[in-house]
Amino acid sequence: MALRYVPLVLVSLIAACGASQPRASVGPQLYLAGDREMWIVDAGTQTVRHVTRSQLKPSDAPHRIIARGRRLVVGTAFGDSSFFLPSVHPDRVWVVDLDPRTSTARAVREVTVDGVTTVHASRPPGRRRPLGAVNDGLLLEAGNGVDVWDPATGRVVHHLREANGIIGAATGDVVTGCTDVWCGALRLIDVDTGGTRVLHAPSGLTFEPWEGAFSPSGDLLAVPVREPGALDAPRRLALVDIARSRIAVLDGSRVPAGYTLVAWSASGDYVFLTGGERSSHRVIVGYRLGTRRAQVLDVDVGDFYDAAAI
């Protein structure tokens, strides 16, 4: 079974990265996953290491790499007919096993990064593929909203009727979405009550919550913003304070359209935004919380399709 290989994938990745490191790290590390290769960017020294990784096969899975604390889950660690999603627990992932004939979800299970099963395999209702995870279970598209399904009991425990459009990042008890097709306002949906808050984008901007990411503590949402109706417009990074319903668009965070990816460091005090198209120059921006502006990292990397930071 593929699960027994999980610790080996993690250990070999971290050990190899450390062995090839040219100087001591002084900042968070950003891991950019391509096809069978990876670029590791040190935000402090603004240096890059390039490594090959056979686990990073070309794939349309939602994630090629996920940070779990200061460890990484990469590529096809769980087999070619599976993909993984981050759990709300910082040391676990959800593994989704697919039917290779229909690409529907055959089973889901939760495991630690050491390969220990914490929730045994069960089949989602209607074989629906999970969209993400919250405290009470997995998010499943339901046509007229989103179901929260508990794999441990096999029951749908919540139905989020307000989540009836574009679904974005989720954390322990909050799911993000849009109020309209251009996402001029961000919808924050409380999983337990189904209640919502609506935050309007700053003037002349729209949100892209499907590319957003919550900080490890869940109190901040980092989300790209752009001009409405302009799909090729540059993106900037906005930070949303969930408790205070405040939005700050970061100076210096402009990146071109393309592979717009957001990743938080394990400490939660540093966040990255990337932009740029395949086979063109990729722009990487980093921001340390509490500083005045974001900074473009002076590094050159190749084609990547997913990102994680530790």
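Data block above holds the structure.
Residue indices begin from 1 for each chain and proceed along its sequence in written order. Since the coordinates come from a predicted model, pLDDT governs what is reported: local features require at least 70, and pairs of side-chain atoms require 80 or more to be given and counted, while whole-chain, interface and lining totals use all residues. Water and hydrogen atoms were dropped before computing side-chain values, which therefore reflect all heavy atoms in the structure.

**Examining the environment of Pro-224**
- Considering the arrangement of structural elements, one finds Pro-224 in strand 20 (residues 220-226).
- Along the chain, Pro-224 and Trp-210 lie 14 residues apart, while their C-alpha atoms are 9.1 Å from each other.
- With near-sequence residues (within four places) excluded, Pro-224 lies in contact with Thr-206, Phe-207, Glu-208, Glu-211, Gly-212, Arg-235, Arg-236, Leu-237, Thr-260, Val-262 and Leu-273. Numbering of helices and strands runs from the N terminus, with a helix taken as a DSSP run of H or I at least four residues long and a strand as a DSSP run of E at least two residues long. Residue contacts follow a heavy-atom distance rule, with two residues in contact if any of their heavy atoms lie within 4.5 Å.

**Let's talk about the pairing of strand 9 (residues 117-122)**
- When strand 8 (residues 105-112) meets strand 9, the two strands line up antiparallel, connected through three bridges. Looking across to strand 9, one finds that Val-108 is bridged to Ser-122.
- For two strands to be treated as a pair, DSSP must find at least two bridges joining them. The antiparallel hairpin formed by strand 8 and strand 9 contains four residues in its connecting segment, where Gly-115 sits at a positive phi of about 85°.

**Quick word on the pattern of salt bridges**
- Any Lys or Arg side-chain nitrogen located within 4 Å of an Asp or Glu carboxyl oxygen qualifies as a salt bridge. The full count for this structure, using the stated rule, is 14 salt bridges.
- Between Arg-92 and Glu-110 there is a salt bridge whose closest N-O contact spans 3.2 Å. Here Arg-92 is found in strand 7 (residues 92-98), whereas its partner Glu-110 is found in strand 8, with 18 residues between them in sequence.
- Across the salt bridge formed by Asp-303 and Arg-282, the nearest N and O atoms sit 3.8 Å from each other. Here Asp-303, found in the loop between strand 26 (295-296) and strand 27 (306-309), pairs with Arg-282, found in the loop between strand 24 (270-275) and strand 25 (283-288); they are 21 residues apart in sequence, far enough to count as distant.
- Relative accessible area serves as the criterion here: at 1%, Arg-282 is assigned to the buried category.
- One network of salt bridges, in which partners are shared, links Asp-91, Arg-92 and Glu-110. Relative accessibility under 20% of the residue-type maximum defines a buried residue, over 50% an exposed one, and the middle range a partly exposed one, all with a 1.4 Å probe and only protein chains included.

**Looking at the packing of aromatic side chains**
- Side-chain rings of Phe, Tyr and Trp, where Trp is taken by its six-membered ring, are said to pair if the distance between their centres is within 6.5 Å; with planes under 30 degrees apart they count as stacked, over 60 as edge-to-face, and otherwise as tilted. Using the criterion set out here, one finds two aromatic pairs in the structure.
- Measuring from ring centre to ring centre gives 5.3 Å for Tyr-259 and Tyr-305, while their planes differ by 70°; the resulting arrangement is edge-to-face. Of this pair, Tyr-259 sits in the loop between strand 22 (246-249) and strand 23 (261-264) while Tyr-305 sits in the loop between strand 26 and strand 27; the two residues are 46 residues apart in sequence, bridging distant segments of the chain.
- Measuring from centroid to centroid gives 4.9 Å for Tyr-270 and Phe-272, while their planes differ by 45°, and the two rings are tilted.
- Accessibility expressed as a relative area gives 5% for Tyr-270, which makes it buried.
- Judged by relative accessible area, Phe-272 falls into the buried class, the value being 0%.
- As a reminder, the over-ring test applies to NZ of lysine and CZ of arginine, requiring each to be within 6 Å of the ring centre and within 35 degrees of the ring normal. Above the ring of Phe-304, the side-chain terminus of Arg-282 is found at 4.4 Å from the ring centroid.

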